Amino acid sequence: MKTRITELFGIKHPILCGGMHRLCVPKLCAAVSNAGGLGSLTASTYPAKDDFVKAIREVRKLTKKPFWCNVTMLPAVHLGEENYKNYFDAIIEENVPVVEISGMPVDRLANGEYIDRLLEADVKLVHKVGAVRHAQHAEKVGYSAVIAAGVEEGGHPLNENVATTVLTPRIAESVKIPVITTGGMATGRSLAAALCLGADGIMMASRFICTTECDVHPNVKQEIIRRQENETVLYGNTIGLQGRALLNDSIKKVIEIEDRKGGLQEILPHIAGTWGPDIWEKGNMNVGLIPVGQSIGLIKDVVSCKELLERIIKEAEEIINRVKTKL
Ligand SMILES: Cc1cc2nc3c(=O)[nH]c(=O)nc-3n(C[C@H](O)[C@H](O)[C@H](O)COP(=O)(O)O)c2cc1C
């Protein structure tokens, strides 16, 4: 299946792994890339530049295929502008081919110094956006592609709450650069639908947690399979950063605090689990915020990245052919 995205990144399948703090480490990144997609190495997992550089080199030992690095420039307790500069320096020095940026666009960092250097170094920039105007901005300043991130997505959907089904065609008709869809993507049906909506590929994150190569506690994978599409919630509007997370004890507490306008300091302890080993390594599903998307309703098994990507392509092609014969 060739699209503008497979051509742009030199990959076999138009399927990309979205950034996941703590989970998108070299093993999973390389597994997705070796399976023919675009694997992600998420920079925020490595606050020190040296560790990030080591991780990039580790990916290169595990795969000869293209991969991308995610740099998240959202308000964060553990990262700031100096970290972002270090990440982009490392990306340029290590010749990383593609970068996924979320939050602040990179032209706003250090008065535009970094976007100029990245473009000069021929690094392809992709921005994750939740609105048409943000996609248009990314195109104007030199990004190679945009990700249309609908409100269904895990992580931090924009608080305008536009669904993938509307956001994707709106962005596709508003920019000339390729569009990748994310939020609600997990199967071959998702890929077929995304192509119909005007996208050139899909990005998934939650789906990749339930792969054999994602090193999280088995409880996490089983809980994602057990839970359905109506078991995630939006939170964070009272602290200025909306997020979507799995419905659990911690998020219920967060919502209770937000309902009475309790404030950031009171909320922080309940969302802190995401940053520690309790959830991902120990499999305790009620001790913090677990950022997953509504796509969990579509996740039914744990498979290898290769099997997953091949299955998605086969199913998408079958659906597209079936629709064609009906016309
Ligand atoms: C466990 C997890 C961690 C995430 N961490 C990040 C992150 O560090 N930076 C980021 O830009 N997006 C992050 N996201 C959002 C994803 O990259 C992606 O936009 C979103 O999850 C897509 O929706 P889906 O999970 O339903 O496929 C995370 C998502 C998950 C599930």
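What counts, and at which threshold
Residues numbered from 1 in each chain as written. Predicted model: local features only at pLDDT ≥ 70, side-chain atom pairs only at ≥ 80, totals over all residues. Heavy atoms only, no water. Salt bridge = Lys/Arg side-chain N within 4 Å of Asp/Glu carboxyl O. Core = buried A, V, L, I, M, F, W, Y, C linked by side-chain atoms within 4.5 Å. Buried < 20%, exposed > 50% of the residue type's maximum accessible area, 1.4 Å probe, protein only. Helix = DSSP H or I, 4+ residues; strand = E, 2+ residues; numbered from the N terminus. Contact = heavy atoms within 4.5 Å. Axes fitted to C-alpha atoms, helices over the stretch in contact; angles between N-to-C directions. Left-handed = near helix turned anticlockwise from the far one by under 90°. Nonpolar A, V, L, I, M, F, W, Y, C, P; charged D, E, K, R; others polar. Near = heavy atom within 4 Å. Polar contact = N/O pair within 3.5 Å; in protein donor to acceptor, adjacent residues only side chain to side chain. Areas by Shrake-Rupley, 256 points an atom, 1.4 Å probe, with all protein chains shown as cover. Parallel < 35°, antiparallel > 145°, perpendicular 65-115°, else oblique. Lys, Arg positive; Asp, Glu negative; His and termini not counted. Domains from an automatic or database assignment. Buried area = accessible area lost by both parts, 1.4 Å probe. Phe/Tyr/Trp six-rings, centres within 6.5 Å; stacked < 30°, edge-to-face > 60°.

*Asks:* What am I meant to see in the pattern of salt bridges here?
*Replies:* For side chains bearing opposite charge, pairing can occur when the charged atoms are close. Taken as a whole, this structure holds 25 salt bridges when the rule is applied. Within the structure, one salt-bridge network assembled from shared partners comprises E223, R226, R227 and E231.

*Asks:* I'm lost on the nonpolar core in this one. Help?
*Replies:* A general feature of soluble globular proteins is that nonpolar side chains tend to end up buried together. Counting residues in each nonpolar core, the largest one holds 42 residues, and the members touching the most others are L41, F52, F88, I91, V106, L125 and I171. The element contributing the most residues to this core is helix α4 (residues 81-93), with six residues. If sequence neighbours within four positions are ignored, F52 has contacts with L41, A43, Y46, C69, Y87, A90 and I91. C17, A194, I225 and A316 belong to the second largest nonpolar core, which has 41 residues in total.

*Asks:* What is the right way to read the packing of helix α3 (residues 49-62) against α4 from this model?
*Replies:* Where α3 meets α4, the axes come as close as 10 Å, and the angle between the chain directions of the two elements is 35°. Here α3 runs over α4; the crossing is right-handed. Residue-level contacts link K49, F52, V53 and I56 of α3 to N86, Y87, D89, A90, I91 and E93 of α4. Its residues placed into classes, the contact of α3 with α4 shows six nonpolar, one polar and three charged.

*Asks:* Would you take a moment to explain the site of the ligand for this structure?
*Replies:* Taken together, 24 residues are adjacent to the ligand, and S102, E153, S206, P291 and S295 come closest. Contact distances for the ligand include 2.7 Å between an oxygen atom and a backbone N or O atom of G19. Contact between the ligand and K128: an oxygen atom at 2.8 Å from a side-chain N or O atom of the residue. In isolation the ligand exposes 600 Å². Once the protein is present, 95% of that is buried. Listing elements by their share of the shell around the ligand, those giving two or more residues are β3 (67-73) and β8 (201-204). The residue inventory of the shell around the ligand, partitioned by class, reads eight nonpolar, 14 polar and two charged.

*Asks:* Honestly, the packing of helix α11 (residues 249-259) against helix α12 (residues 264-271) in this entry has me stumped. Any pointers?
*Replies:* The axes of two packed helices give the description: the angle between them and the distance between them. Taken N-terminus to C-terminus, the directions of α11 and α12 make an angle of 170°; their axes are 9 Å apart at the nearest point. Taken together, the axes of α11 and α12 are roughly antiparallel relative to one another. Residues S250, K253, V254, I257 and E258 of α11 lie in contact with α12, whose contacting residues are E266, I267, H270 and I271.

*Asks:* What exactly am I supposed to notice about the environment of L298 here?
*Replies:* Within the secondary structure, L298 is located in the loop between α13 (277-280) and α14 (305-326). Residue classification places L298 among the partly exposed positions, given a relative accessible area of 38%. In this structure, the C-alpha to C-alpha distance between L298 and Y84, residues 214 residues apart in sequence, is 34 Å. Those residues in contact with L298 that lie beyond four places of it in its chain are G184, A186, T187 and S190.

*Asks:* Would you take a moment to explain the side chain of E153 for this structure?
*Replies:* In this fold, E153 is placed in the loop between β6 (145-149) and α7 (164-172). Despite its burial, E153 remains without a salt bridge, the nearest opposite charge being carried by K128 at 4.1 Å. For E153, the residues in contact, after removing those within four places along its chain, are K128, T182, G183, R244 and G293.

*Asks:* Got a minute to help me understand the domain arrangement of the protein chain in this structure?
*Replies:* Accessible area lost on assembly of the parts is the figure often given for the size of an interface. Examined at the domain level, the protein chain breaks down into domain 1 (4-216 + 297-326) and domain 2 (222-294). For domain 1 and domain 2, the distance between their C-alpha centroids amounts to 23 Å. Each partner contributes residues to the interface: domain 1 has 26 residues there, and domain 2 has 24 residues. Carbon and sulfur atoms supply 60% of the area buried between domain 1 and domain 2, which totals about 2000 Å² over both sides. The largest contributions to the domain 1 side of the interface with domain 2 come from R22, H156 and G297, which together make up 25% of the buried area. For the pair domain 1 and domain 2, the number of links is one salt bridge.

*Asks:* Help me understand the packing of aromatic side chains, please; the structure alone is not making it clear to me.
*Replies:* Given two aromatic rings, their pairing is described by the distance between the two centres and the angle made by the two planes. Evaluated as defined, the whole model comprises four aromatic pairs. Measuring from ring centre to ring centre gives 6.1 Å for F88 and Y114, while their planes differ by 45°; the resulting arrangement is tilted. Here F88, found in helix α4, pairs with Y114, found in helix α5 (residues 113-120); they are 26 residues apart in sequence, far enough to count as distant. Grouping residues by exposure puts F88 and Y114 together as buried.

*Asks:* Even after reading the chapter, I still don't get the environment of N34, so can you show me in this structure?
*Replies:* Looking at the secondary structure, you find N34 in helix α2 (residues 26-34). Residue N34 is classed as partly exposed on the basis of its relative accessible area of 39%. Separated by 218 residues in the primary sequence, N34 and K252 have C-alpha atoms spaced 39 Å apart. Those residues in contact with N34 that sit more than four places away from it in its chain are L62, T63, K64 and K65.

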